[in-house]
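Observations on the three-dimensional arrangement
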Amino acid sequence: MRARAWLRALLFMVLGLWIWSWGSPAKADTRVNLLMNGQPIKGDVAPYIDGNGRTMVPVRFVMEQLKAEVEWLEQERGVVVRRGSTVIKLWIGSRRALVDGKEVWMDTVPVLKGGRTMVPVRFLAENLGGVVDWSSSTRTVTLLLALPVEWEQVEITGDWVNLRKGSGTQYEILTT
């Protein structure tokens, strides 16, 4: 009889440990991939997800990839991002930001990590006219933001000129 009680207790312990292991979190995957206009971006400080669920990226590296100017304000512990006519100003540890001089509140704060200013990529990209998408299955942030086009004025002479999709005769003719 005692053996049966002992066996039952052991069975319940094993069953309890097994059920408890279901709720134990697996080691969290901290890796975050960043694609910008279809190209993978790798910096010296990896993107990560902060405690508010926001993907943080090194502002200088990412914004320079998008042809933006980044200025560090030592006295204010802030950063200014300029791209085209848009100016965004952020401060370390503050949810407050300025976008073209207008006060905006973020749902997370910029931080310093590894000597880099880490900022929420969605906030920056969307305020610069971009689109951000997150894939939880691949842990990938996809950032689509048009790169600035450098326009050049040209003079075309001729009675018959083809306007093509690209520069070269191998491109499709759009109009004549």
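The present account deals with the structure reproduced in this document. (Residues numbered from 1 in each chain as written. Predicted model: local features only at pLDDT ≥ 70, side-chain atom pairs only at ≥ 80, totals over all residues. Heavy atoms only, no water.)

**Some remarks on the sheet that holds strand β1 (residues 33-36)**
Taken together, the four strands give an open sheet; going across it, the order is β2-β1-β13-β12, and neighbouring strands pair in mixed fashion. One side of each edge strand has no neighbouring strand; the edge strands of this open sheet are β2 (39-40) and β12 (131-135). Relative to β2, β1 runs antiparallel, the two being bridged by two bridges. When the bridges of β2 are listed, Met36 appears paired with Gln39. (Pairing = 2+ DSSP bridges. Helix = DSSP H or I, 4+ residues; strand = E, 2+ residues; numbered from the N terminus.)

**Some details on the sheet that holds strand β3 (residues 48-49)**
Spatially, the four strands line up as an open sheet ordered β3-β4-β11-β10, and their pairing is antiparallel. The sheet is open, and its two edges are formed by β3 and β10 (111-113), each paired on a single side. Here two bridges tie β3 to strand β4 (residues 55-58), and the two strands are oriented antiparallel to one another. Bridging from a neighbouring strand, Tyr48 pairs with Met56 of β4.

**A short note on the packing of aromatic side chains**
Here the structure, examined in full by the defined rule, presents zero aromatic pairs. Positioned above the aromatic ring of Tyr48, the side-chain terminus of Lys113 is 4.0 Å from the ring centre. (Phe/Tyr/Trp six-rings, centres within 6.5 Å; stacked < 30°, edge-to-face > 60°. Lys NZ or Arg CZ within 6 Å of the ring centre and 35° of its normal.)

**Observations regarding the pairing of strand β13 (residues 140-144)**
Side chains on a regular strand alternate between the two faces of the sheet. Where β1 lies against β13, four bridges are found, and the strand directions are parallel. The partner of Met36 across the bridge, within β13, is Leu143. Examined bridge by bridge, β12 and β13 share five bridges and lie antiparallel to one another. Residue pairing across strands places Val132 opposite Leu143, the latter belonging to β13. The hairpin turn running from β12 into β13, its antiparallel successor, is four residues long, and Arg139 in that turn takes a positive phi close to 50 degrees.

**A word on the pairing of strand β7 (residues 86-91)**
Direction of pairing for strand β6 (residues 78-83) relative to β7: antiparallel, over a ladder of six bridges. The partner of Arg83 across the bridge, within β7, is Thr86. Taking the residues that link successive antiparallel strands as the turn, the β7-strand β8 (residues 96-99) hairpin has four residues, and the phi of Gly93 there is positive, at about 75 degrees.

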